[in-house]
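Overview (structure and organization)
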Amino acid sequence: MKALVYGGPGTKAWKDVPDPGIVEPTDAVVRIDTTTICGTDLHILKGDVPAVEPGRILGHEGVGTVTEVGSSVSGIRAGDRVIISCIKSCGHCVNCRKGLFSHCLGDEGQVGTGWIFGHLIDGTQAEFVRVPYADNSLHKIPHGVSDDQAVMLSDILPTAFEIGVLDGRVAPGDIIAVVGAGPIGLAVMSTAGLCGASTIIAIDPNESRLERASDFGATHTVNPESPDWISDVLALTDGAGVDVAMEAVGLPETFEMALRLVRPGGNVANIGVHGKPVELPLQDLWIRNINISMGLVNTNTTPMLLRLVAQHKLSAEKFATHHFPLDRIMDAYDTFSRAAETEALKVVLSRNPHD
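Described below are features of the structure shown in this document.

Together, Leu280, Leu282, Ile292 and Met294 make up an exposed nonpolar region whose accessible area comes to about 370 Å². Looking at the secondary structure, you find Leu282 in helix H10 (residues 282-285).

Dropping the structure here:
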């Protein structure tokens, strides 16, 4: 089969690799019908995730058709159309029983690490993928949900909702600020209303993304390149600061922006993937009673979010801005890596691409 193979920082290639097969009785093999590229994939290519070794097939998001299942798999059958969760779940370890799938103690990839696809084992940017713990790591797709919708439930929507909205403790009536109006920031804006956020402020220097933010739930937009940007945000809060500030980029300066915006007693939710240290000014923060959260998605909200998508209450398809056939994945990476220029949110790669 063909797959996108990581060759070390800055290097990748679409090339022939062996087909995956059943290794453990809890495995399934899935034919990839649709996959996409995540900002984390770009971090890997920059060398920000040193655990990813040369030779690894990249990708952790995908929708496909099951072609084979192991002897212990009971809830998934060949022919099922499924979402591949970006996080493994053995389903029986102490962490999985707590819903902390991000730290699944199953042996696959690494004990205690839930994110394994395109990281510690071969991923989804390929024609086929082996999926460990298939009963828990795959979700059947209901009739009427498209691939464009379903692939957003592999990672981006549950990540935004769990690490941003839930961990940020968004409550009814809250005023929230989202620093970064890229795909993950827009996913936060799309899901914050599920917990009752009343005011959603999108903050980004890219005007085209700010214009798009209102389509994803933003009530106000602020460009941080304006000299009065902090005052503009605080004016929406009667000067108190936002209840929840979310960092959705992964840079020291954007994390600092979130810290500056939050009110005393508020919450800062870090969602971005950081590739270098960030200064934490505890000498200033401790007296403000601020809570700071961060983490890796558990994907335990995926079934709920899938129901909302199926009921047309969450418009997941809006994130799909560019489409490519799978064998043009190098072009797709080029488009996604130049998102400020191409206005790409999520690039979707399909076995049967859109016209």
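Of all 11 residues in helix H5 (residues 156-166), 10 are buried; the element is thus mostly enclosed. Looking at the buried positions of H5, the neighbouring elements they touch are helix H6 (183-192), strand S11 (242-247), strand S12 (262-270), strand S13 (291-294), helix H11 (302-310) and strand S15 (346-350).

In this section: the sheet that holds strand S9 (residues 199-203). Strands sit in the order S10-S9-S8-S11-S12-S13 across an open sheet of six strands; the sheet is parallel. The open sheet has two edge strands, strand S10 (220-222) and S13, and neither has a second partner. For this sheet, the mean angle separating the axes of adjacent strands, direction not counted, is 20°. Both strand S8 (residues 175-179) and S9 contribute to a ladder of five bridges, which runs parallel. Within S9, the position partnered with Val179 by the bridge is Ile203. Sheet strands touched by H5: S11, S12 and S13. Its angle to S12, the strand with the most contacts, is close to 155°. Across the sheet, helix H9 (residues 252-261) is in contact with S8, S9, S11, S12 and S13; its angle to S12 comes to roughly 155°.

The sheet contact formed by strand S3 (residues 28-36) and strand S4 (residues 62-69) spans seven bridges and is antiparallel. Looking at the pairing, Ile32 lines up with Gly64 of S4. As judged from the four bridges shared by S4 and strand S5 (residues 81-84), these two strands associate in the antiparallel manner. What sits directly across from Gly62, in S5, is Ile84.

So, on to the pattern of salt bridges. Counted according to the given criterion, the structure contains 14 salt bridges. The salt bridge partner of Asp16 is Lys2, with a shortest N-O separation of 3.7 Å. You can see Asp16 sitting in strand S2 (residues 11-16) and its partner Lys2 sitting in strand S1 (residues 2-8), a full 14 residues away along the chain. With a relative accessible area of 58%, Asp16 lands in the exposed category. Glu341 is paired through a salt bridge with Arg338; the nearest N and O atoms lie 2.9 Å apart. What you see here is one network of salt bridges that share partners, running through Asp27, Glu108 and Arg130.

The rules behind each value
- Residues numbered from 1 in each chain as written.
- Predicted model: local features only at pLDDT ≥ 70, side-chain atom pairs only at ≥ 80, totals over all residues.
- Heavy atoms only, no water.
- Patch = residues over 30% accessible without salt bridge, like charges linked within 9 Å, V, L, I, M, F, W, Y side chains within 5 Å.
- Areas by Shrake-Rupley, 256 points an atom, 1.4 Å probe, with all protein chains shown as cover.
- Salt bridge = Lys/Arg side-chain N within 4 Å of Asp/Glu carboxyl O.
- Helix = DSSP H or I, 4+ residues; strand = E, 2+ residues; numbered from the N terminus.
- Buried < 20%, exposed > 50% of the residue type's maximum accessible area, 1.4 Å probe, protein only.
- Contact = heavy atoms within 4.5 Å.
- Pairing = 2+ DSSP bridges.
- Axes fitted to C-alpha atoms, helices over the stretch in contact; angles between N-to-C directions.

Shape is all these values report; function is a separate question.
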